[in-house]
Amino acid sequence: MTITKKDLANHLWKVGGWTHPQAELFVDAFFEHMFAAIIADSELKLSGFGKFTVRAKSSRPGRNPKTGQPYEIKARRVVTFSATPLLRAKTNPNVLHSRHLRHKTPQ
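Residues numbered from 1 in each chain as written. Predicted model: local features only at pLDDT ≥ 70, side-chain atom pairs only at ≥ 80, totals over all residues. Heavy atoms only, no water.

### Some details on the pairing of strand 2 (residues 50-57)
Here is the rule: Following DSSP output, two strands are said to pair if at least two bridges run between them. Helical segments are the DSSP runs of H or I of at least four residues, strand segments are the runs of E of at least two, and each set is numbered from the N terminus.
Bridging between strand 1 (residues 43-46) and strand 2 involves four bridges; their strand directions are antiparallel. When the sheet's bridge partners are listed, Glu43 is paired in strand 2 with Thr53.

### So, the pattern of salt bridges
The criterion, for reference: The term salt bridge refers to a pairing of a side-chain nitrogen on Lys or Arg with a carboxyl oxygen on Asp or Glu at a separation within 4 Å. The classification of residues rests on relative accessible area computed with a 1.4 Å probe and restricted to protein chains. Under 20% of the type maximum is buried, over 50% is exposed, and intermediate values are partly exposed.
This model, assessed by the stated rule, comprises four salt bridges. The salt bridge partner of Asp28 is Lys5, with a shortest N-O separation of 3.6 Å. On the criterion of sequence distance, the pair formed by Asp28 in helix 2 (residues 20-41) and Lys5 in helix 1 (residues 5-16) is long-range, its members being 23 residues apart. By relative accessible area, Lys5 is classed as partly exposed at 36%. Two residues, Glu24 and Lys6, come together in a salt bridge whose shortest N-O distance is 4.0 Å. Of this pair, Glu24 sits in helix 2 while Lys6 sits in helix 1, placing them 18 residues apart in sequence.

### Describing the sheet that holds strand 2
Operational definition: Here an angle of 0 to 180 degrees is reported between the N-to-C directions of two axes, which are lines fitted to C-alpha atoms, with helices fitted over the stretch in contact. Note on contacts: a residue pair qualifies if any of its non-hydrogen atoms lie within 4.5 Å across the two residues.
Strand order in this open sheet of three strands is 1-2-5, and the pairing throughout is antiparallel. The sheet is open, and its two borders are formed by strand 1 and strand 5 (76-83), each paired with just one other strand. Between one strand axis and the next, the sheet turns by 20 degrees as a mean value, whatever way the strands run. Packing against the sheet, helix 2 makes contact with strand 1, strand 2 and strand 5, and its axis sits at approximately 135 degrees to strand 1.

### Here we look at unusual backbone geometry
Its identity as a non-glycine residue notwithstanding, Ser42 has a phi of 60 degrees, on the positive side. Topologically, Ser42 is positioned in the loop between helix 2 and strand 1. By relative accessible area, which is 27% here, Ser42 ends up partly exposed.

### Observations concerning helix 2
Heads up, the rule is: Here, expected helix span is obtained from the residue count minus one, scaled by 1.5 Å. Arc definition: it is the arc formed by the directions from the helix axis to the C-beta atoms.
The terminal C-alpha atoms of helix 2 lie 31 Å apart, and with 22 residues this matches the ideal 32 Å at 1.5 Å per residue to within 8%. Where helix 2 is concerned, the buried positions are Ala23, Val27, Met34, Ala37 and Ile38. Along the long axis of helix 2, the arc covered by the buried residues comes to 100 degrees, so they all point the same way. Those residues of helix 2 that are exposed and aimed more than 90 degrees away from the buried face are Pro21, Leu25, His33, Ile39 and Ala40. Positive backbone phi, approximately 60 degrees, marks Ser42, located one or two places after helix 2.

### So, the packing of helix 1 against helix 2
Inclusion rule: Small angles under 35 degrees read as roughly parallel and large ones over 145 as roughly antiparallel, with 65 to 115 read as roughly perpendicular and the rest as oblique. Two helices crossing with the near one rotated counterclockwise from the far one by less than a right angle form a left-handed crossing, whereas a clockwise rotation gives a right-handed crossing.
Between helix 1 and helix 2, the least distance of the axes is 8 Å, while the angle of their chain directions is 130 degrees. The pairing of helix 1 with helix 2 is recorded here as oblique in orientation. Handedness of the crossing formed by helix 1 with helix 2: right-handed. Along the contact surface, helix 1 presents Lys5, Lys6, Leu8, Ala9, Asn10, Leu12 and Trp13, while helix 2 presents His20, Ala23, Glu24, Phe26, Val27, Asp28 and Phe31.

If you want it as structure tokens, here you go:
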């Protein structure tokens, strides 16, 4: 499923009673704030959802899949996402996650 900024703004309009322009401004501002936080701090945590982290990848040798010619894949920074245990548990309700074992008390 793909959710667009417009979908989010429409949801705020229908459920939250916002006007369309207000909802669109809010969604745009939210994402701009997220982008700025990731760029400035190299990390963004959304409680109960997950963590976005910027990771540096060094250059490495690669190969053109069409021609087979070797070339260097340049160093770059990538954004990774790590889900919280809560999100993992909700996406896999029948799987007991090892991280949860530490926090549960025996009954």
